[in-house]
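Residue-level listing of the chains:
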Amino acid sequence: YPATSRYSYNDENVYVVDHKTKLIWRRCSLGQRLIVSSFFTPTCGGNATLLNFEDAQKMQKDGWRLPNIDELRSLVVGEYTENQNAINSKFFLNPQSSWYWSSSKDSEESMNAWTVWFGDGSVNKHHVRNKAYVRLVQDLIKPEHTEEQ
């Protein structure tokens, strides 16, 4: 990838590699699927799924997980306008101007978890029964497992 570029796509354009944080992100919100056509710019089809915190945690599988609040907040771009989300929409397609769950619970109030609003980049905590969107992530480099002998 070019030295000046923070993001790149994987071969199928389904994932975004964040070279700064060493994370791999899904381009579409949970519930959507990537639609790639030779005639059109890729887009996310279907409806993004609103989930409460517990159900969002159940979506973690095959190495995909909820990002912690720092990882999720790292996607917020510094410059955005009223008509543009606070996330790079070239790489993260059809983002919802709404709250997205992180895996980080509030240390003072256990019934709250931290969220990011990709409409303006703000961070807030929400009750775990509230619903928000999900953008799954995985580590670029898998931790090595050592077997005891």
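The structure reproduced in this document is the subject of the present report. Source: prediction; values computed, not measured. (Residues numbered from 1 in each chain as written. Predicted model: local features only at pLDDT ≥ 70, side-chain atom pairs only at ≥ 80, totals over all residues. Heavy atoms only, no water.)

## Examining the packing of aromatic side chains
- Per the stated rule, a full pass over the model turns up nine aromatic pairs.
- Ring centres of tryptophan 99 and tryptophan 117 lie 5.2 Å apart, and the angle between their planes is 70 degrees; this geometry places the pair in the edge-to-face category. Of this pair, tryptophan 99 sits in strand E6 (residues 99-105) while tryptophan 117 is found in strand E7 (residues 112-117), placing the two residues 18 residues apart along the sequence.
- With a centroid separation of 5.7 Å and 40 degrees between ring planes, the pair formed by tyrosine 100 and tyrosine 133 is classed as tilted. In this pair, tyrosine 100 is assigned in strand E6 and tyrosine 133 in the loop between strand E8 (122-127) and strand E9 (137-139), connecting sequence segments 33 residues apart.
- Aromatic rings pair up to connect Tyr7, Tyr9, Trp25, Phe91 and Phe92 into one cluster.
- The ring of tryptophan 64 has arginine 26 sitting right over it, with the charged end atom 4.4 Å from the ring centre. (Phe/Tyr/Trp six-rings, centres within 6.5 Å; stacked < 30°, edge-to-face > 60°. Helix = DSSP H or I, 4+ residues; strand = E, 2+ residues; numbered from the N terminus. Lys NZ or Arg CZ within 6 Å of the ring centre and 35° of its normal.)

## Re the pairing of strand E3 (residues 23-26)
- Across four bridges, the pairing between strand E2 (residues 15-18) and E3 is antiparallel. Counted as the bridge partner of valine 16 is tryptophan 25 from E3.
- The turn joining E2 and E3, which pair antiparallel and follow one another in sequence, is formed by four residues; a positive phi near 60 degrees is taken by lysine 22.
- Sheet topology places E3 next to E9; three bridges connect them, and they run antiparallel. The residue bridging isoleucine 24 from the neighbouring strand is glutamine 138, located in E9. (Pairing = 2+ DSSP bridges.)

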